[in-house]
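Single-letter residue listing:
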Amino acid sequence: MTAWMTDLSPRKTLPRLDESLLTHLPPFSKLEKREIRTILDQATSRRYNEGVAIFDEGAPAERFFMLLDGYVRVVRVTPTGEQVTALHIPAGQLLGIAKAIGRVTYPATAMTATESIVLSWPTRLWDGFVADYDGFATETYKTVGDRMGEIHNRVMEMATQQVEQRVANALLRLINQTGRKVSDGIEIDFPITRQDLSELTATTLHTASRLLSAWEKKGLVQSKRKRIKVLNPHALVVISQPKSDL
């Protein structure tokens, strides 16, 4: 059994939250303040430490969630027991929305990549949210569509691209979704190891490490202490493109 499945660290319940926390988030942006207050009053809010499973793959989907702060890795376990990172989810998005895809269990594990603040509601409230709250259903199904599209693109990358193209595309995707501008480049805004990158790109730790080390020597990236910084995004874009036969 893996360490994250046995993590029993405490999950801290937070005090009553203000309506302003949800007003700018797409699933709730069309709602009036009183509607958001009703939604918040039905929610449970918790702070999770880094590396904690919010819910596990295959478990009954008893709640759905909104990530208020932090980052989450969506992890699946293959039939051979390997752990594969399918997606990274940034703050401001719903997760654990099994009901939206007609499931009664969670299709993957949601693991905190950083300390995170999460709201959750019982799944029995889902149909009421969809019926009663303007924009909730539209934004939820847009989120599902976007994630399915990203997973489809990942599958296509694995089927058609060389390893260095996949790793370059993964880094470009991460800085686009979660990048933070720093003085000499763009840093992925959560801890990510070379092992995480290998899982994200369906390659070995050795290969991911070899590529990052080579790119560091060329001044394209910087990798240290669970942090990856892209110093030359254009060079990664060039690497990510299919090679011409001409």
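Residues numbered from 1 in each chain as written. Predicted model: local features only at pLDDT ≥ 70, side-chain atom pairs only at ≥ 80, totals over all residues. Heavy atoms only, no water.

- Looking up the protein chain in an unreviewed UniProt entry gives the name CRP-like cAMP-binding protein, with the organism given as Litoreibacter ponti.

### Some thoughts on the UniProt feature "domain: HTH crp-type" (unreviewed entry) in the protein chain
Right, on to step 1. Per the UniProt annotation, the sites labelled "domain: HTH crp-type" (unreviewed entry) are residues 161-234.
Right, on to step 2. Regarding residues 161-234, the helix share stands at 51% and the strand share at 22%, and the terminal C-alpha atoms are separated by 18 Å. (UniProt positions renumbered as here; feature names shortened; annotations may be inferred. Helix = DSSP H or I, 4+ residues; strand = E, 2+ residues; numbered from the N terminus.)

### Some points on the domain arrangement of the protein chain
Right, on to step 1. When the domains of the protein chain are assigned, the result is domain 1 (15-149) and domain 2 (161-240).
Right, on to step 2. Measuring from the centre of the C-alpha atoms in domain 1 to the corresponding centre in domain 2 gives 27 Å.
Right, on to step 3. Domain 1 puts 10 residues into the contact, and the matching count from domain 2 is 10 residues.
Right, on to step 4. In this assembly, domain 1 packs against domain 2 so that about 910 Å² is buried in total across both faces, 58% of it on carbon and sulfur atoms.
Right, on to step 5. Taken as a group, Tyr 71, Thr 85 and His 88 account for 55% of the area that domain 1 buries against domain 2, more than any other trio of residues on that side.
Right, on to step 6. On the surface where domain 1 and domain 2 come into contact, there are 2 salt bridges.
Right, on to step 7. For Asp 196, the salt bridge is made with Arg 73, and the minimal N-O distance between the two is 3.6 Å.
Right, on to step 8. Of all the elements in the fold, those that place two or more residues in the side of domain 1 that touches domain 2 are β5 (71-77) and β6 (83-90).
Right, on to step 9. With 5 residues, β6 is the single largest residue contributor to the side of domain 1 that touches domain 2. (Domains from an automatic or database assignment. Contact = heavy atoms within 4.5 Å. Buried area = accessible area lost by both parts, 1.4 Å probe. Salt bridge = Lys/Arg side-chain N within 4 Å of Asp/Glu carboxyl O.)

### Examining the environment of Arg 37
Right, on to step 1. Within the fold, Arg 37 resides in helix α2 (residues 33-41).
Right, on to step 2. A residue is classified by how much of its surface remains accessible, and Arg 37, at 13% relative accessible area, is buried.
Right, on to step 3. At 3.5 Å, the side chain of Arg 37 forms a polar contact with the side chain of Glu 19. (Buried < 20%, exposed > 50% of the residue type's maximum accessible area, 1.4 Å probe, protein only. Polar contact = N/O pair within 3.5 Å; in protein donor to acceptor, adjacent residues only side chain to side chain.)

### Considerations on the layout of surface pockets
Right, on to step 1. Within this model, the largest pocket holds a volume of roughly 640 Å³.
Right, on to step 2. Taken together, 27 residues form the lining of the largest pocket, with Val 74, Arg 76, Leu 87, Ala 108 and Ile 151 sitting closest to its centre.
Right, on to step 3. Contributing elements (two or more residues each) for the lining of the largest pocket: β5, β6, β8 (109-112) and α4 (136-160).
Right, on to step 4. At 8 residues, α4 tops the list of elements feeding residues into the lining of the largest pocket.
Right, on to step 5. Tallied by class, the residues present in the lining of the largest pocket amount to 19 nonpolar, 4 polar and 4 charged. (1 Å grid on protein atoms, 1.4 Å probe; cavity = no way out; pocket = protein on both sides within 12 Å on 5 of 7 lines; lining within 4 Å. Points joined across faces, edges and corners; volume = space filled by probe spheres on them. Nonpolar A, V, L, I, M, F, W, Y, C, P; charged D, E, K, R; others polar.)

### Describing the sheet that holds β6
Right, on to step 1. Pairing in this open sheet of 4 strands is antiparallel, and the strands run β3-β8-β5-β6 from one edge to the other. Looking along the sheet, the strands with just one partner apiece sit at the ends: β3 (53-55) and β6. Sheet twist, expressed as the mean angle between neighbouring strand axes with direction ignored, is 35°.
Right, on to step 2. The pairing of β5 with β6 spans 7 bridges and is antiparallel. Pairing of Arg 73 across the sheet is with His 88, part of β6. (Pairing = 2+ DSSP bridges. Axes fitted to C-alpha atoms, helices over the stretch in contact; angles between N-to-C directions.)

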